[in-house]
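Each chain, written out:
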Amino acid sequence: MGVKLYHFGLSPFSRAVQMTLTALGVKYSIETIDLMKGEQRTDEYKKINPRGKVPALVDGKLSLGESRAIACYLCNKYASGSKKTLYPSAPELRAKVDMLLYVGEWIADTIVEYLNIAGVLFRGEKPKDEKLADVKSCLQYLEDCLKGQNYIAGDNLTIADFFAVCPLLLLENVDFNDYDPYPKLKKWINTMKSLKYFDEINKEPMKMFKAAFNEKLNLPAAKQTGF
Amino acid sequence: MVLVLYNDPVSPSGRSVHMTLRALGLDFEWKNVNLISSENRLPEFLKINPRGKVPALVDEDLKLAESRAIACYLCNKYATEGTKSLYPSEPEKRAIVDQMLYSGEWMWEEIYIGYLRVRWVLYYGELPWFHNTDGVREALKYLDDRLKENAYMAGNHLTIADLFAHTTIRFLDMLDFDEYSNYPHMKAWMDKIEALDYYDECNNGKIDKVKEKYQALIKERQKQ
Ligand SMILES: N[C@@H](CCC(=O)N[C@@H](CS)C(=O)NCC(=O)O)C(=O)O
Ligand SMILES: N[C@@H](CCC(=O)N[C@@H](CS)C(=O)NCC(=O)O)C(=O)O
Ligand SMILES: N[C@@H](CCC(=O)N[C@@H](CS)C(=O)NCC(=O)O)C(=O)O
């Protein structure tokens, strides 16, 4: 029993759920679903998430897919005391978090499209430079959100920050570093990276992914490859 | 207090918000944002939603975009004893509604970006991806499977997840996609949604003008 996360470290959404669990202090076990081996397509896993995507969560009788819905559930169910600000319950504050969670889909899609992840990994293609302008509109959007507040959905850290930073940092795979036009965003990224649980959840998977991605791009040899 | 909804009636997610307002019995002011004439790119509107998308909602100081977030807000703020089941507050029940709202984004991608491609047909001289129906059928089957066990998407009663999934699916009318009956559980559910007393007001005839233009452009391009 207890909370069980069906997880794949290389998925930024899966890591955002892990950050939520850790921030809440919820104890959980992990079952790895290795996407490289196609484990998401087994009948057994499809019983848990019929869409065959990671992450998924099982808690008692509840089987849940969709990373953001999972994070909202965890907060609704387990947040107490000072943890409640991760997903505030005042309708106006919560609305901003929900809005940013949905906007986060646009940001994640845009970055994944620019990096052309599937193309690079499986078809010998390159990132799509013509999509860089779209990435920059995402960065500008976040920069504007951060005007007058420390986190993207308000004055406090919320789950929307987790779901924005994990996909955003995919940009490190191509060493994107042009944050000068976005000073508030740059500062926020540093704040997120200095959360005490950030590294233990993100560092290794990000390094592994970057090595694999860059190996495919034929850039200077990667030290280690995970797959 | 006046709620103001910025919307173009052709927008499926905008119509879902409209139905949510009606289901909650709320009064609001409608401000039309005509997408065909790019009113969503006007500076006044960009002040409400910098992304230039409809629908958007203003409630006093709050400016909100993203249709599903708007619907959740309306329920969180204004639901009464009689309407709170639209977005239940028990964590387990709410989780299923949220899951269906988020997977609705995937269905929308399959139907809109993967198949109908309305924006690309209207503005960029393209054709729909007529043959790319696998994703569409996968989405319909996913719904049908869910509705085998439950009368509604998140259980035995109507929730906002139904109001969103319905307008997405029905948008297939743009291409007169008529395979709904191949998914009997889904079809039965569609009939229930279409019998809601506010359904017609929010949906009937709302896509007709854009549909006519879209289909005319397609015919013209197919002749060439
Ligand atoms: N694309 C592969 C692997 C999935 C994967 O690696 N996840 C992608 C996005 S869905 C990723 O961006 N991982 C990057 C990271 O972990 O930093 C698959 O679907 O089989
Ligand atoms: N909207 C879903 C997306 C999940 C998703 O796309 N997961 C990817 C990994 S990043 C996956 O499981 N890909 C496996 C596949 O498509 O076969 C969520 O937020 O949970
Ligand atoms: N995720 C957004 C999507 C909204 C959206 O794409 N709206 C379309 C109409 S359905 C729009 O405003 N398109 C205008 C444009 O992109 O310029 C939501 O659910 O509100």
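Everything numeric here is computed off the predicted structure, so don't read it as measured data. (Residues numbered from 1 in each chain as written. Chains lettered and ligands numbered in written order. Predicted model: local features only at pLDDT ≥ 70, side-chain atom pairs only at ≥ 80, totals over all residues. Heavy atoms only, no water.)

J.: So, the nonpolar core: which residues are in play, and what are the values?
T.: One finds Phe162(A), Leu185(A), Trp188(A), Leu74(B), Leu116(B), Met186(B) and Trp189(B) to be the most contacted residues of the largest nonpolar core, which totals 156 residues. Tallying contributions element by element places helix α4 (residues 91-116) of chain B first for this core, with 12 residues. With sequence-adjacent residues up to four places away left out, Met186(B) is seen in contact with Leu140(B), Leu143(B), Asp144(B), Leu147(B), Ile169(B) and Tyr180(B). Judged by nonpolar contacts, the second largest core, of eight residues, contains Val33(B), Phe45(B), Val54(B) and Val58(B). (Core = buried A, V, L, I, M, F, W, Y, C linked by side-chain atoms within 4.5 Å. Buried < 20%, exposed > 50% of the residue type's maximum accessible area, 1.4 Å probe, protein only. Helix = DSSP H or I, 4+ residues; strand = E, 2+ residues; numbered from the N terminus. Contact = heavy atoms within 4.5 Å.)

J.: Can you break down the UniProt feature "domain: GST C-terminal" (unreviewed entry) in chain A residue by residue, with the values?
T.: In the numbering used here, UniProt assigns the feature "domain: GST C-terminal" (unreviewed entry) to residues 90-209 of chain A. Regarding residues 90-209 of chain A, the helix share stands at 66% and the strand share at 0%, and the terminal C-alpha atoms are separated by 38 Å. (UniProt positions renumbered as here; feature names shortened; annotations may be inferred.)

J.: Explain helix α1 (residues 12-24) of chain A to me, using residue names and the numbers behind them.
T.: All names here are of chain A. Here α1 is 13 residues long and its end C-alpha atoms lie 18 Å apart, about the 18 Å a rise of 1.5 Å per residue gives. Most of α1 sits inside the fold, with 11 of its 13 residues counted as buried. Restricting attention to buried positions, one finds in α1 the residues Pro12, Ser14, Arg15, Ala16, Val17, Gln18, Met19, Thr20, Leu21, Ala23 and Leu24. Of the surrounding elements, those touching the buried residues of α1 are β1 (3-7), β2 (28-32), α3 (67-78), α7 (159-168) and α9 (198-216). After α1 finishes, the residue Gly25 shows a positive phi value of roughly 75°. (Expected span 1.5 Å × (residues − 1).)

J.: Tell me about empty space enclosed by the protein, and please be specific about residues and values.
T.: Under the criterion given, the structure shown has one cavity of 30 Å³ or more. Its boundaries defined by the atoms lining it, the largest cavity holds a volume of some 40 Å³. In terms of lining residues, the largest cavity is bounded by Asn49(A), Arg51(A), Lys53(A), Gly65(A), Glu66(A), Gln99(B), Ser103(B) and Tyr142(B). Partitioned by chemical class, the residues of the lining of the largest cavity number one nonpolar, four polar and three charged. (1 Å grid on protein atoms, 1.4 Å probe; cavity = no way out; pocket = protein on both sides within 12 Å on 5 of 7 lines; lining within 4 Å. Points joined across faces, edges and corners; volume = space filled by probe spheres on them. Nonpolar A, V, L, I, M, F, W, Y, C, P; charged D, E, K, R; others polar.)

J.: Give a detailed account of the domain arrangement of chain A, specifying residues and quantitative values.
T.: Residues and elements named next belong to chain A. Looking at chain A, the domain boundaries give domain 1 (3-80) and domain 2 (88-223). Between domain 1 and domain 2, the C-alpha centre-to-centre distance is 20 Å. At the junction of the two partners, domain 1 supplies 18 residues and domain 2 supplies 22 residues. Carbon and sulfur atoms make up 76% of the area that domain 1 and domain 2 hide from each other, which totals about 1,800 Å². For the domain 1 face of the interface with domain 2, the top three residues by lost area are Arg15, Met19 and Arg68, together amounting to 40%. One can count one salt bridge joining domain 1 with domain 2. (Domains from an automatic or database assignment. Buried area = accessible area lost by both parts, 1.4 Å probe. Salt bridge = Lys/Arg side-chain N within 4 Å of Asp/Glu carboxyl O.)

J.: Lay out the packing of aromatic side chains with the relevant residues and their values.
T.: Residues and elements named next belong to chain A. All chains considered together, the criterion is met by 15 aromatic pairs over all chains. Where Phe162 meets Tyr197, the ring centres are 6.3 Å apart and the plane angle is 80°; that geometry is what we call edge-to-face. Separated by 35 residues along the polypeptide, Phe162 in helix α7 and Tyr197 in the loop between α8 (183-193) and α9 bring together distant segments of the chain. Pair check on accessibility: Phe162 and Tyr197 agree, each one buried. Its end group placed over the ring of Tyr87, Arg94 keeps NZ or CZ at 3.7 Å from the ring centre. (Phe/Tyr/Trp six-rings, centres within 6.5 Å; stacked < 30°, edge-to-face > 60°. Lys NZ or Arg CZ within 6 Å of the ring centre and 35° of its normal.)

J.: Tell me about unusual backbone geometry, and name the residues and values.
T.: The bulk of non-glycine residues show a negative phi, and the bulk of peptide bonds are trans. The omega torsion of the bond from Val54(A) to Pro55(A) falls at 0°, within 30 degrees of zero and hence cis. Val54(B) connects to Pro55(B) through a cis peptide bond whose omega is 0°. On the secondary structure map, Pro55(B) appears in the loop between α2 (43-48) and β3 (56-59). Backbone geometry places Glu66(A), a non-glycine residue, at a positive phi of 75°.

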